[in-house]
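# Fold and geometry: a report
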Amino acid sequence: MPSRKFADGEVVRGRWPGSSLYYEVEILSHDSTSQLYTVKYKDGTELELKENDIKPLTSFRQRKGGSTSSSPSRRRGSRSRSRSRSPGRRPPKGAHRSASASVSHQADIKEARREVEVKLTPLVLKPFGNSISRYNGEPEHIERNDVPHKNTQEKFNLSQESSYISTQYSVHPRREEIRLKEVDSKEEKFVTKELAVRTFEVTPIRAKDLEFGGVPGVFLIMFGLPVFLFLLLLMCKQKDPSLLNFPPPLPALYELWETRVFGVYLLWFLIQALFYLLPIGKVVEGTPLIDGRRLKYRLNGFYAFILTSAVVGTCLFQGVEFHYVYRHFLQFALAATVFCVVLSVYLHMRSLKAPRKDLSPASSGNAFYDFFIGRELNPRIGTFDLKYFCELRPGLIGWVLINLVMLLAEMEIQSRAVPSLAMILVNSFQLLYVVDALWNEEAVLTTMDIIHDGFGFMLAFGDLVWVPFIYSFQAFYLVSHPNEVSWPMASLMIILKLCGYVIFRGANSQKNAFRKNPSDPKLAHLKTIHTSTGKNLLVSGWWGFVRHPNYLGDLIMALAWSLPCGFNHILPYFYVVYFTMLLVHREARDEYQ
Ligand SMILES: NC(=O)c1ccc[n+]([C@@H]2O[C@H](COP(=O)([O-])OP(=O)(O)OC[C@H]3O[C@@H](n4cnc5c(N)ncnc54)[C@H](OP(=O)(O)O)[C@@H]3O)[C@@H](O)[C@H]2O)c1
Ligand SMILES: CC(C)CCC[C@@H](C)[C@H]1CC[C@H]2C3=C(CC[C@]12C)[C@@]1(C)CC[C@H](O)C(C)(C)[C@@H]1CC3
């Protein structure tokens, strides 16, 4: 039987969950199976603590004075701030997303909340609003002997906090927390209304807070990525696309430009815009903006996909030559790049006239940087939301169409009656991914791209050029570099893809449901922790298994759709490498927040 360090009835100091503060507690009991101690705080709260979170009284120095005590009761401001936000609720735009660039905006928002909450008194105090910095299950090393209950007022506060702590900390399931959140959400409406009257200030952010390596980094990305894209496609066109054959033969620039191709690209974009405008599909509200407004979005991406398939099917039936796209693939990539540059210039120009409250929290005041990251958060022409439209339609649906073009090109070039198994795998894996994104279109409204980043060159290029022309790379590769895949190998790849998909979808659905309605009874069994931002994080279910299960699933899928290309060359695995870098970077942005 494992030994225990502390005896029942012993008075020790127990760490206040999620903080680095220790309070006097009495050991009530010890559970030998879970190795948890049940302890009682002075105000009567009982909690279960790990042995690591308990220290003998003797291991603390008595602090002199105490006027600067940071005991929870001293942080009433923090708690009040937190009180106004239902845990798990997304905050208004700008407060939400991870980015060092948004520091000043965040401060602004916090300030707004503080002002609002002053008006909300008397408060039903909620514990540990901003006082819990992070809980990682391990004790923190900073140990301070903050003595609670300095006076009656403090004692009262701690007691208020303590009465909630076990549910807040979510050592136990969240039913009680859900009840509290319902009360919370009523108050929230009032808070949102208050926020609506606050004016939004855009304070330029310091150079060191800029993301992507600041102006030099952004410069490199803006000029480097298009060059990289063309080099990658040119490498792939070589008979032997080995890295040793770098650089590939370069075509003259004029050979890459074809006005007709540009016209076809424009036509594609306009058809998608037309489908977007169709009054079919439900209309939902996005997350609250800084001024409390919620924009409306029509969810008809899946219908757009069905309609596009019908149009493409009809064209195939009519004998339209899709091989044209394969033969002019580089010209299409250039047409899309030119379109994206023109769009970015337009976006930047219009953003100069945009009211401050409409600017992205990521914008900095530096024109070049803002051209890249995007100045305006939700540029709209009437009800037409340019960013939301570009995120899912022309590029993502375009990716599926390009894959189909490659499948047909493979059959033609390799004189096949049916496509290769490798090509079928790549096409179906990626089709599933795109259909899933369109089917779950609403989830895009809570991604960092929509909530935090403006619409500028980065997303325009990412959505309209990078996604369709890089993500279809495996199919493009297979056209000129066939790879025979056996059925047993194909089965393993399918299993890998499905595993990735189950993790990806399970995690994203759980997170989206939680962000949409933290009180969802279906999520009542899940555990959460409170964070210093005032939001809650899931720490069980998929989100208790690994920090970013959705990224993990996505990466597994990325690997699964590269494997059909075989192991002759590294190029088809470029996507996995790039994607790992992208997700690690996104993870860091999220973690920063
Ligand atoms: N194929 C591609 O190129 C590509 C590129 C990027 C992303 N993706 C995929 O798109 C999906 C969305 O990506 P994303 O970058 O927006 O990241 P995400 O991880 O889905 O979203 C980040 C947000 O999730 C919330 N969150 C993080 N940890 C949480 C937890 N433990 N409990 C509850 N909520 C938590 C946080 O919301 P709050 O801020 O509200 O706390 C955070 O801001 C992912 O599956 C990703 O793999 C694909
Ligand atoms: C520096 C640039 C080249 C970076 C470009 C990044 C973009 C390619 C990505 C940023 C956000 C991504 C994204 C998807 C695709 C790739 C991005 C646009 C996504 C539409 C893929 C399907 C998913 O299901 C998704 C809808 C969750 C996802 C949203 C984010």
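Not measured: the values here are computed from a predicted model.

Here we take up the overall build of the protein. Counting secondary structure elements, the protein contains 19 helices and 11 strands. The 593 residues of the protein split such that 56% are buried. Of the contacts made within the protein by residues no fewer than 6 positions apart, 75% connect residues no fewer than 24 positions apart.

A separate point is the site of ligand 2. Lining the immediate environment of ligand 2, one finds 15 residues, of which Leu-225, Glu-391, Ala-437, Asp-449 and Asp-463 sit closest. Alone, ligand 2 offers 630 Å² of accessible surface; in the complex the protein occludes 86% of this. Put simply, the parts of the chain that give the shell around ligand 2 at least two residues each are α12 (386–413), α13 (421–439), α15 (457–470) and α19 (574–592). Examining the composition of the shell around ligand 2, we find that four residues originate from one element, α15, more than from any other. A class-by-class count of the residues in the shell around ligand 2 yields 10 nonpolar, one polar and four charged.

Before going further, it helps to spend a moment on the side chain of Lys-387. Here Lys-387 is to be found in helix α12. A distance of 2.5 Å separates a polar side-chain atom of Lys-387 from the backbone oxygen of Asp-453. Setting aside residues no more than four positions away along its own chain, Lys-387 makes contact with Leu-377, Asn-378, Pro-379, Asp-449, Ile-450, Asp-453, Gly-454, Phe-455, Leu-459 and Asp-463.

Our focus in this paragraph is helix α18 (residues 549–560). Within an α-helix, residues lying three or four positions from one another point in the same direction, as the helix has 3.6 residues per turn. Over its 12 residues, α18 extends 17 Å from the first C-alpha to the last, a length consistent with the 16 Å expected when each residue adds 1.5 Å. Of all the 12 residues making up α18, nine are buried; the element is thus mostly covered by neighbouring parts of the structure. Of all the positions in α18, only Pro-549, Asn-550, Tyr-551, Gly-553, Asp-554, Ile-556, Met-557, Ala-558 and Ala-560 are classed as buried. The elements touched by buried residues of α18 are α13, α17 (487–516) and α19.

Right, let's talk about the pairing of strand β3 (residues 36–41) for a bit. The side chains of a regular strand alternate, residue by residue, between the two faces of the sheet. Most of β3 sits inside the fold, with five of its six residues counted as buried. Sheet analysis places strand β2 (residues 22–31) next to β3, joined by six bridges and oriented antiparallel. Across the sheet, Ile-27 pairs through a bridge with Val-39, a residue of β3. Once β2 ends, the chain turns through four residues before running back antiparallel as β3, passing Gln-35 with a positive phi of about 60°. Sheet topology note: the β3/strand β4 (residues 46–50) ladder contains five bridges and is antiparallel. Paired with Val-39 across the two strands is Leu-47, which belongs to β4.

A few words on the UniProt feature "transmembrane region" (unreviewed entry) in the protein. Residues annotated in UniProt with the feature "transmembrane region" (unreviewed entry) correspond here to residues 215–235, 262–280, 301–320, 326–347, 417–435, 455–479, 485–504 and 566–584. From the first C-alpha to the last, residues 215–235 spans 29 Å; its make-up is 100% helix and 0% strand.

The subject of this paragraph is the packing of helix α7 (residues 259–277) against helix α10 (residues 329–352). The interhelical angle for the contact between α7 and α10, taken along N-to-C directions, is 60°, at an axis separation of 9 Å. Taken as axis vectors, α7 and α10 run oblique relative to one another. Judged by the sense of rotation from one axis to the other, the crossing of α7 with α10 is right-handed. Together, Val-261, Phe-262, Val-264, Tyr-265, Leu-266 and Phe-269 of α7 and Gln-331, Phe-332, Ala-335, Ala-336, Val-338 and Phe-339 of α10 make up the contact between the two elements. The residue inventory of the contact of α7 with α10, partitioned by class, reads 11 nonpolar, one polar and no charged.

Ranked by size, the top nonpolar core spans 115 residues in total, and within it Leu-229, Met-406 and Phe-469 carry the most contacts. Tallying contributions element by element places α12 first for this core, with 15 residues. The next biggest cluster of nonpolar side chains, apart from the first, holds 13 residues, and it includes Leu-21, Tyr-37, Tyr-41 and Leu-49.

Comment: phi is negative for the bulk of residues other than glycine, and the bulk of peptide bonds are trans. A cis amide bond, omega 0°, links Phe-246 with the succeeding residue Pro-247. Looking at the secondary structure, you find Pro-247 in the loop between α5 (214–237) and α6 (253–256). With phi around 60°, Gln-35 is a residue other than glycine that occupies positive phi space. Topologically, Gln-35 is positioned in the loop between β2 and β3. Using a relative accessible area of 27% as the deciding quantity, one classes Gln-35 as partly exposed. If you check the backbone angles, Ser-415 has positive phi at about 45° while not being a glycine.

Sheet analysis places strand β1 (residues 11–15) next to β2, joined by five bridges and oriented antiparallel. In the sheet register, Val-12 faces β2, and the bridge partner there is Val-25.

To continue, consider the sheet that holds strand β5 (residues 54–56). Sheet architecture is open: five strands sit in the order β4-β3-β2-β1-β5, paired in antiparallel fashion. Looking at strand neighbours, the two that pair on one side only are β4 and β5, the edges of this open sheet. Going from strand to strand, the sheet's axes swing by 50° on average, the running direction of each strand aside.

Taken together, the side chains of Val-341, Val-345, Met-349 and Leu-352 define a hydrophobic patch exposed on the protein surface, amounting to about 350 Å² of accessible area. Mapping Leu-352 onto the fold places it in helix α10.

Next up on the list: the confidence of the model for the protein. With 74% of its residues at a pLDDT of 70 or more, the protein has an overall mean of 78. Confidence over residues 61–208 falls short of pLDDT 50; this stretch has 339 contacts with residues more than four positions distant or in other chains. Listed scores for the predicted complex are pTM 0.72 and ipTM 0.95.

Turning next to the environment of Leu-386. Summarising the element assignment, Leu-386 is placed in helix α12. On the accessibility criterion, Leu-386 (8% relative accessible area) is buried. Each C-alpha atom, one on Leu-386 and one on Glu-258, is 26 Å from the other, the two residues being 128 residues apart in sequence. Contact partners of Leu-386, with chain neighbours within four places excluded, come to Tyr-346, Leu-347, Arg-350, Pro-379, Ile-381 and Phe-455.

As a further point, take the packing of α12 against α13. Where α12 meets α13, the axes come as close as 10 Å, and the angle between the chain directions of the two elements is 165°. By the angle between their directions, the pair α12 and α13 is classed as roughly antiparallel. Crossing handedness for the pair α12 and α13: left-handed. In this structure, α12 contributes Leu-392, Leu-396, Ile-397, Trp-399, Val-400, Asn-403, Leu-404, Met-406, Leu-407 and Glu-410 to the contact, and α13 contributes Met-423, Asn-427, Gln-430, Leu-431, Tyr-433, Val-434, Ala-437 and Leu-438. Split by residue class, the contact of α12 with α13 holds 14 nonpolar, three polar and one charged.

Criteria and cut-off values
- Residues numbered from 1 in each chain as written.
- Chains lettered and ligands numbered in written order.
- Predicted model: local features only at pLDDT ≥ 70, side-chain atom pairs only at ≥ 80, totals over all residues.
- Heavy atoms only, no water.
- Helix = DSSP H or I, 4+ residues; strand = E, 2+ residues; numbered from the N terminus.
- Buried < 20%, exposed > 50% of the residue type's maximum accessible area, 1.4 Å probe, protein only.
- Contact = heavy atoms within 4.5 Å.
- Near = heavy atom within 4 Å.
- Areas by Shrake-Rupley, 256 points an atom, 1.4 Å probe, with all protein chains shown as cover.
- Nonpolar A, V, L, I, M, F, W, Y, C, P; charged D, E, K, R; others polar.
- Polar contact = N/O pair within 3.5 Å; in protein donor to acceptor, adjacent residues only side chain to side chain.
- Expected span 1.5 Å × (residues − 1).
- Pairing = 2+ DSSP bridges.
- UniProt positions renumbered as here; feature names shortened; annotations may be inferred.
- Axes fitted to C-alpha atoms, helices over the stretch in contact; angles between N-to-C directions.
- Parallel < 35°, antiparallel > 145°, perpendicular 65-115°, else oblique.
- Left-handed = near helix turned anticlockwise from the far one by under 90°.
- Core = buried A, V, L, I, M, F, W, Y, C linked by side-chain atoms within 4.5 Å.
- Patch = residues over 30% accessible without salt bridge, like charges linked within 9 Å, V, L, I, M, F, W, Y side chains within 5 Å.
- Salt bridge = Lys/Arg side-chain N within 4 Å of Asp/Glu carboxyl O.
- pLDDT = per-residue confidence, 0-100.

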